[in-house]
Structure formats: structure tokens, C-alpha cells
4 protein chains.
Amino acid sequence: MNRDKIRVTVWNEFIHEREDERVAAIYPKGIHGAIAEYLSQKPNIEVKTATLDEPQHGLTDEVLRNTDVLIWWGHAAHDKVSDEVVERVYNRIMCDGMGLIVLHSAHYSKIFRKLMGTSCSLRWREDGEKERLWVVSPGHPIAEGIGDYFEIEKTEMYGEFFDIPNPDELVFISWFKGGEVFRSGCCFYRGRGKIFYFRPGHETYPIYHNEKVLLVIENAVRWAAPIKRPKTLTIPRAVHVEPLEP
Amino acid sequence: MNRDKIRVTVWNEFIHEREDERVAAIYPKGIHGAIAEYLSQKPNIEVKTATLDEPQHGLTDEVLRNTDVLIWWGHAAHDKVSDEVVERVYNRIMCDGMGLIVLHSAHYSKIFRKLMGTSCSLRWREDGEKERLWVVSPGHPIAEGIGDYFEIEKTEMYGEFFDIPNPDELVFISWFKGGEVFRSGCCFYRGRGKIFYFRPGHETYPIYHNEKVLLVIENAVRWAAPIKRPKTLTIPRAVHVEPLEP
Amino acid sequence: MNRDKIRVTVWNEFIHEREDERVAAIYPKGIHGAIAEYLSQKPNIEVKTATLDEPQHGLTDEVLRNTDVLIWWGHAAHDKVSDEVVERVYNRIMCDGMGLIVLHSAHYSKIFRKLMGTSCSLRWREDGEKERLWVVSPGHPIAEGIGDYFEIEKTEMYGEFFDIPNPDELVFISWFKGGEVFRSGCCFYRGRGKIFYFRPGHETYPIYHNEKVLLVIENAVRWAAPIKRPKTLTIPRAVHVEPLEP
Amino acid sequence: MNRDKIRVTVWNEFIHEREDERVAAIYPKGIHGAIAEYLSQKPNIEVKTATLDEPQHGLTDEVLRNTDVLIWWGHAAHDKVSDEVVERVYNRIMCDGMGLIVLHSAHYSKIFRKLMGTSCSLRWREDGEKERLWVVSPGHPIAEGIGDYFEIEKTEMYGEFFDIPNPDELVFISWFKGGEVFRSGCCFYRGRGKIFYFRPGHETYPIYHNEKVLLVIENAVRWAAPIKRPKTLTIPRAVHVEPLEP
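Note that this is a predicted model, so its numbers are computed, not measured.

What counts, and where the lines are drawn
- Residues numbered from 1 in each chain as written.
- Chains lettered and ligands numbered in written order.
- Predicted model: local features only at pLDDT ≥ 70, side-chain atom pairs only at ≥ 80, totals over all residues.
- Helix = DSSP H or I, 4+ residues; strand = E, 2+ residues; numbered from the N terminus.
- Buried ≥ 20, exposed ≤ 12 C-beta atoms within 10 Å, placed from the backbone.
- Contact = placed C-beta atoms within 7 Å.
- Least-squares fit on C-alpha atoms with pLDDT ≥ 70 in both.
- Expected span 1.5 Å × (residues − 1).
- Nonpolar A, V, L, I, M, F, W, Y, C, P; charged D, E, K, R; others polar.
- Right-handed = clockwise from strand over helix to strand, strands pointing away.
- Pairing = 2+ DSSP bridges.
- pLDDT = per-residue confidence, 0-100.

Here we look at the overall build of chain A
- Regarding its fold elements, chain A presents 7 helices and 10 strands.
- When each of the 246 residues of chain A is scored for burial, the buried share is 59%.
- The contacts of chain A with a sequence gap of at least 6 include a subset with a gap of at least 24, amounting to 71%.

Here is the structure:
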């Protein structure tokens, strides 16, 4: 294994693709498969996948210890994810700095809600309408290769108020034909970890075959990768210390 | 009742004052009593108190419905606060905009950790050393009446890294004689609520008799008071909506 | 004079209203007159106006010393505002904490650009299209009395990328029928001052007769009013100091 | 030239080193020489230097076009830097995304003050006292390789209030033995550019031989390097646009 590579695990609940023919037609290898295939062709990235029905949802201690950035997609089965696994993922982010990329309907995943401390709810509508994502942070590494905006021809709508903490960095704001806006690319620093929420991605549209969407995910992987530092004394526990000065 | 007044409830676990003579000598009416006494003399503020050993910790539905800003002090008994009460306080903040002021060792309270989504841990030392709080947001309403800095002669030390999300507004940074710094006055917007964490306040020092400390708490009460707006559709639940535009 | 009142000065270049009959028909007393009339009916607010063609543009030392919040509207004559007056306004904001509310096309005023340090440029189109302003900070005092969104039936469009620093607090995001989004309500802390940029307000539409728009301006006045504190030692000059500790 | 390398230009006014023997003894090749020597040994970085007394201060169009990150040190001669050169540097940052690293006393440089829009003033004292820099953003790339804090044994003091806009990301807070604190590592996004202000570095102390200080500068170079994107339409000028939607 080459330690300079970013080790990515793409996690998917992997339900719609096996239960709904239309979804299977778009993602024959699953949503995780589509994302993993794209990323595995990019320099300095190493990709694995994991799914809900594997033992421990495929997220054992060993898998997480060897993951630099975890990508999370879920929709129909958030409550089937065990609290024990969520706790393990949470600790790996907070204490070790594993990056987390939260896609679309995973706004309602246990791990994202736990990290945010808010309900993470929003307006929604499934109408196949147009979305246009505007860059509002033109020097941000997650916007690399993206022009002033990019479009998704048909998608599910998410609208404000999106009940999240103010993002530490806001990269994209979406416009929807039906009249709404949405903070669509949101960076959060939590503990030693970096988290990116990215809105696009409904299962019934070929969003994860869109080149711009995939490029943003790749950029986010590089942004969210952990840095190397000594252990942080106070994560996760308060520590009694002696004075540094007389 | 005059609805233009800000209705404050000061909550205290009220344990040290009854078990430790030294603390009782400093706070004969309890920490909640000292804070309530100060605030009750200020214009447009109405104060009540509540403590851990009351039924439902004194925080019934009715009490919370009639509270605009809740002040929280706890230290020895965070885990004795019932999850049901925490959930009720949380919902009142997120959905209705009740303000929350979190004092000193309440950084480790259930309600603050739930709202932050982080461990809220820190370095600490109980040495009676000097703290100097510097204003880093000179136009912020919570700094009203405070000069470039103010001092607390003897206090417990809290030091970085303080495991919280980046504050939405940072008002004070503390200097400690023993060599540490700390983000001591931190504003957070969450849902419809406003939260202020304020560091000073150990039970064995007369911190809540310090005029500057009390003034900051008063300022924070005014800042955190809820605004009047129609209900927010998406707090706390995602809502399906029809298009606003054809 | 009652010092508890917020003393507002509404400044307008006052050109379009005198040169263009259509504008005069909408604002017979000028844009400043319309805003001043509204604010003067509100509790604890005292209003004056000032315009470009008065001596020193009506912004003498004495006027500024007696102004708590300055509202600024300009469009056709930004470069006719004297640098000396801009410097005076700037110093009053930075050193004394006078609030500044910057309306619509005043994004290109000298004072706003000087405060921001950026070009403050944007996309624009004058098509009389619909704007919908979404609240993204539901606990913010500037959103008081506003529902999840409000609409302006016909307006000029402003679109991203809006070249400003990231706002310290983002209150509104606009949706435009033609396909753009815009950060429409932006709070900035600078020195001791508080600045609010508010997008709505073209001269050829009756925007400043819209009740929601006027309410936001009133809320912003209350938010931007200066707080009372001792002078800040280091604004505007670096200061040599002796140690506070041995 | 290898375009994958980050092309750094280290700029120094280069006055103290030629006029003061004590400074010359610490920095025989100048402060720029010390920083350049360190960076040139690091992977994927290419370094040049430029100084005040070169034609156009060594910052011609061609030099800037071939600079990805500019490091700036100045102290005695801020007002000798020509406005034309400042404008050129400013445009290269805002329009093209060149990174800027502002060191120590360059808080008072023309370019930094223009970018910030504030006075950038502060408290100071030259006493050779101890500074301890605490990491408050433990996942930030600029903190890579740094523990919970690092120390500088003898340095000039800078204290709050530091009159800057709130940093977009705050990485370090300094503690000083004499009783002050300071926001010492501050990230700003402006236009397409990324700016990092880093406090350490007085000319009479060997700060730029300190390994931690040099490591932070190297990290900042990598963070501030421009990303590749199409030109941003609205930097630096407002642009009239046609509707994107019918």
C-alpha cells in the first residue's frame, strides 16, 4: 500500500438499486460502484466500497483505520444503520480526522445529524426539475475545474430552510426552477475531521454519471483528507493539566 | 405579565452550594439565586429559577413555554438530568427560538453537547490563577459596556483545544497566567435559537458577584432573546412542497 | 433629544427622482423621503435625511456625530461623492461604531468598496422579473417578522458571483426567475461598526413601498445601532503598550 | 518549468538586514533568503525572491504572472511601495487567485490593508518575551505537523484588538507572557485569492530559522496556491447578462 494515496471508502445502503429496476438500470453496479469507478481512475486515490448488509455494514474497526475519507449515501434505511457503527465512524472523524462526504439524501443519516446537532431537515419535491449550482467561493479547492455555475437537467428539489449549522465554508448555492434556493455545497470542521455535504444525487436520476458532480466529489475527497499531526490531547476527553508557566 | 419583557429562567443543578460550606458561603442563595437577583434588577427582564431536584428539574412544558432565555449552570450532575427534559429544552430552542446561555462547566451538559455535536472537552486546572478576557468583536452587543479586556483575579483555568464547532461569532478570548488561551465567549445560531457559551464561573470563586461577568450575562440575555416570526416550515421535519413557480 | 432613540440619517444621491419622471412618480419625496417617512413612524427611531448636492453632501462632522445608523442609496453618481466625506463616514463607522445600511446599487459606492476591500461587482439584468428572498438564518434579528420567504414581483436582477468577503452573517438568499441566486442580506462586522448590505431597491420599481422591504430595513437599523463601550485603544492606530503581567 | 510545482516569490523590503548589524548577523542572506532557502528544499515548490529596491520592486507583470503564491515581509518602508505595484499584486490575487502570505509587521503593508478594508492596527511591545501559539483548528491543513501548541522563546508581542475582519478560518491563537492574546494565524478568501496572515517574525529574533514557523509557512503556501478554474465573469467588473431561463 502506498501511504501517499488517499484511501477512500464509498458506503451505500444499496437498497433502491436492488429493488427498483429503473434505479438498477441507471446504476447497475450500485451508486457506490459508479462513484468508486470514477475515483479509482484518478491519481493518488485508492477506493473500496462497503454496504449496509455486510457484517457491521462493512465498516469494521480495521476498514475505518484504513480509510482516509468516507463517502456516505443513504436514503431508505437510515434507521437500519447500527448505533455502534455510527459511534465508530464518529470517533474516527473526531479523533483521527477521517474526512466525511455526505451525499444528497444522507442529510438525514444518523452520522450527519449527530455531527451537526440539528434536525438537518429541508423542503423537498420530486419533479425532475432543473438545478443550477452557483459557485460562491471562487478560490475554494472544492470548486476547482468548475465555472461560474453548472447545471443538472433533471433532479429532485431540496429547498431552504435547511436546518444545519452555518457552514464554515459555503461553496455552492443551488437555484431550482420551481422557485427555491439551497446551500448545496457546505464544509464543516468538527474535531479533527472535515465534512462536506453535497446536495446532488437522487437515485432515479443519473446524477453520479454527471462529470461535474463527480469532479466535485473528487475535489472534496482531496479537501477532506486528514492531515498528519500528533494526537490532540482534548479529543474526546477533558484533561487535567499542569501549568506551562511558573 | 408584560410580554415586552424578556422572561429568563436560571437553571442550576444546585448541589455544591448545599454540600460544600465554602460554596454556600459564596452563594448563600445558590448560583441561580445570585444571577437571578442581579438580572431581576435590570429593565425589561423577568426572572425565575429552576433546579435539578424539582419535579422535571423545574423545566415543565409550561415553564419552558414561558421562558425566552434559559441560563444553564451544572457541574457535578450532568448525567442526572433526564433525557426527556433535555429533549424538551432542545425542541424549545430549535423550533421556537428560546435562547440558551451555557455557563462555565455546563460545557459538559447534555444539552450543550447535543446542540454542538462535538465532545465539548478542554484542558482544565484548578489553581486560582488569573484570567484576562479580551474583546475580539468590539461592535458585538454582548461586549456592551466592556473595555478592551476585563480580569478575573482567581479562577479555574480552561484551555484550548476546546472541542466545539467554530463559533458563529467569537466575542472573548481568555488569557491565563499558566500559559493557556481559550475561546471564552462564543455565539452559535442553531435552528431558530441563539446560544451563548460563557466561560467564567467556577463554584469555589465569587465569579457571579463580579460586575463585568454579570453584565456580560445580561447582554447575552438580550442578544439571545427570540425574535417573533411565523413558524419555520422545516423545523424540525422535512416537508414535501409544491412548486412556487409554474 | 432622547438619547435612547436610534438616530438615523438616510442618505440619497437624489438624482433619478429629479431627472426621470417615472422615478419621480414612484418616489415624489425621493427614495430617502420614502424610507425616512416609514422609519419616523416606528418607536425609538429619529430620522433625518441628507443628499449629494448639499454642502459636504449633508454629512458634516456634526451630522455624523449625531447619527447612530447611516442608510446609503446611490447609483448614478458614486464618483461624485468626495473622498473626504467617505473618509469621515469610514472613520465614524470604524472608530465610533456607527452602523451602515447599504442598499441595492450602493454595492458600488465608494464607502462600501472601501470597507469590503473587494470589487463588489456582480451580474445584473433589468427585466422586471420576480425575486424571492429566502431566510437562511431563522433566529437572526434582521429576519424578525419575515416568514420562510418573501417576494418582490418586479425588480432588477443581481446574480452571483457577488465579489464580497464572506458575510459574517448571511440572512437572505434570493432566487430570480431568470436563473440566478444572490446573497441578498449580508452582515459584516468591521472595526467597531456593523454593516448590512440589502439587495432590493431599484429606482424604477416601488420597492421602498414594499412592507417587507421596509421592515427588514427597520430591523437592520436596530441591529446596526452602536453599542456603548469605552474607546478601543487600537482603532485606528497601533499602540505601544507596557506589559500587564510582571 | 514544471507546471505542477507551486511557484513562490518571497518579497522583502530588505532594509533592516543592510542597515543593522544585529539583523544581518541573524539573516546574512536577508529574511527573504532564509525563507526561500527553506522552501526550495521542499517537494513541488519553486522559489524566487524580490526586493523593494529592484525595478518595480521586482514585481513586474511577468514575475507576477509566474507567481502562484507571494510571501510578503515589510516593516520600515511600507509607504515606499508604489501604489502601481500594489494594484498589480491586488489584481493578480483577486482576478487570478494568486495566494498571499502576509508575515508579522506586514500587517501594516499597503496590500494587506487594501485587501482587508480595515486599519489592521494592534497593540505591540518589543520585550523579547515568550509566545505560545495554540492550534484552534485541528483539522486545518495549515496546522499539519504542529502539536497542540508551539512556542517561540523570544519575540515581539502583538496583542488584541487586532483590527481585521473576522478571519474565514482561524488556525492559531497566541498567548504572550506579558498578558495578551492574538489571532496569529488567519485565513481570508478574497475574490479568487486566498490570503494567510501569520504573526511570528520580527527581524531582531531568529524566528525564520524556527522549524515550526517555517513549516507553517510551507503549509500555508500549499493551502494558498491557486486552483484552476475558468475566468470568473464578475471579477473585477459588474456584467450585464441575459436570462438563463425563459
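Details of the environment of Phe-161 of chain B
- With respect to the helices and strands, the residue Phe-161 of chain B is situated in the loop between strand E6 (149-159) and strand E7 (169-176).
- Sequence separation between Phe-161 of chain B and Arg-123 of chain B is 38 residues; the distance between their C-alpha atoms is 7.2 Å.

Points about the relation of the copies chain D and chain A
- Superposing chain D onto chain A requires a rotation of 180 degrees together with a translation of 0.0 Å along the rotation axis, leaving an RMSD of 0.0 Å. A rotation of that kind, with that shift, is consistent with a two-fold axis. Relative to the rotation axis, the closest C-alpha in chain D is found at Asp-168 of chain D, a distance of 3.9 Å.
- When the interface residues of chain D are mapped onto chain A, 100% of them are again interface residues, pointing to one common binding face.

Some points on helix H7 (residues 211-224) of chain A
Residues and elements named next belong to chain A.
- In this model H7 runs 20 Å from its N-terminal to its C-terminal C-alpha over 14 residues, within 8% of the 20 Å that 1.5 Å per residue would give.
- Turning to H7, its buried residues are Val-213, Val-216, Ile-217, Glu-218, Asn-219, Ala-220, Val-221, Trp-223 and Ala-224.
- Against strand E1 (6-12), helix H3 (30-40), strand E2 (45-51), strand E3 (69-73), strand E4 (99-103) and strand E9 (193-198) lie the buried residues of H7.

As for the interface of chain D and chain A
- With 25 residues of chain D at the interface, the matching set in chain A holds 25 residues.
- Here the residues of the side of chain D that touches chain A sort into 9 nonpolar, 7 polar and 9 charged.

Focus on unusual backbone geometry
- With an omega of 10 degrees, the peptide bond between Glu-160 of chain C and Phe-161 of chain C qualifies as cis.
- Phi is positive for His-104 of chain A, close to 45 degrees, though the residue is something other than glycine.
- With respect to the helices and strands, the residue His-104 of chain A is situated in the loop between E4 and helix H6 (110-116).
- Accessibility expressed as a C-beta count within 10 Å gives 24 for His-104 of chain A, which makes it buried.
- Despite not being glycine, His-57 of chain C shows a phi value in the positive range, around 55 degrees.
- Inspection of the secondary structure puts His-57 of chain C in the loop between strand E2 (45-51) and helix H4 (61-65).

A few points about the interface of chain B and chain A
- Opposite the 38 residues of chain B that make contact, chain A presents 38 residues.
- Looking at the side of chain B that touches chain A, the elements with two or more residues in it are helix H6 (110-116), strand E5 (123-135), strand E8 (181-190) and strand E10 (239-240) of chain B.
- A per-element tally of the side of chain B that touches chain A places E5 of chain B first, with 4 residues.
- Residue classes in the side of chain B that touches chain A are distributed as 16 nonpolar, 12 polar and 10 charged.

Quick notes on the pairing of E4 of chain A
Residue and element names in this part refer to chain A.
- Along E4, 5 of the 5 residues are buried, which leaves the element largely enclosed by surrounding structure.
- The alternating pattern of E4 places Gly-99, Ile-101 and Leu-103 on one face and Leu-100 and Val-102 on the opposite face, and all of these are buried.
- Crossover E3 to E4 through helix H5 (residues 83-96) is right-handed.
- The pairing of E4 with E9 spans 4 bridges and is classified as parallel. By the bridge assignment, Ile-101 is partnered in E9 with Phe-196.

What about helix H3 (residues 30-40) of chain D?
Residues and elements named next belong to chain D.
- Counting buried positions over the 11 residues of H3 gives 8, a clear majority of the element.
- Of all the residues in H3, the buried ones are Gly-30, Ile-31, His-32, Ala-34, Ile-35, Ala-36, Tyr-38 and Leu-39.
- Looking at the buried positions of H3, the neighbouring elements they touch are strand E1 (6-12), helix H1 (16-19), strand E2 (45-51), strand E3 (69-73) and helix H7 (211-224).

Observations concerning the environment of Lys-231 of chain C
Residue and element names in this part refer to chain C.
- If you trace the backbone, Lys-231 turns up in the loop between helix H7 (211-224) and strand E10 (239-240).
- Using a count of 12 C-beta atoms within 10 Å as the deciding quantity, one classes Lys-231 as exposed.
- Separated by 135 residues in sequence, Lys-231 and Asp-96 have C-alpha atoms that sit 7.8 Å apart.

Digging into the environment of Asp-20 of chain B
All names here are of chain B.
- Along the chain, Asp-20 turns up in the loop between helix H1 (16-19) and helix H2 (21-26).
- A residue is classified by how many C-beta atoms lie within 10 Å of it, and Asp-20, with 14 of them, is partly exposed.
- In sequence terms Asp-20 and Glu-203 are 183 residues apart; their C-alpha atoms lie 9.9 Å from each other.

Some thoughts on the confidence of the model for chain A
- Scored by pLDDT, chain A comes out at a mean of 97, with 99% of its residues at no less than 70.
- Confidence estimates for the predicted assembly give a pTM of 0.98 and an ipTM of 0.97.

What to know about the pairing of E7 of chain B
Residues and elements named next belong to chain B.
- Across the 8 residues that make up E7, a large majority, 8, are buried.
- As paired strands, E5 and E7 are joined by 5 bridges and run antiparallel to one another. Residue pairing in the sheet places Arg-132 in a bridge with Trp-175 of E7.
- The turn linking E7 back onto E8 is made up of 4 residues, and Gly-179 within it adopts a positive phi angle of 120 degrees.

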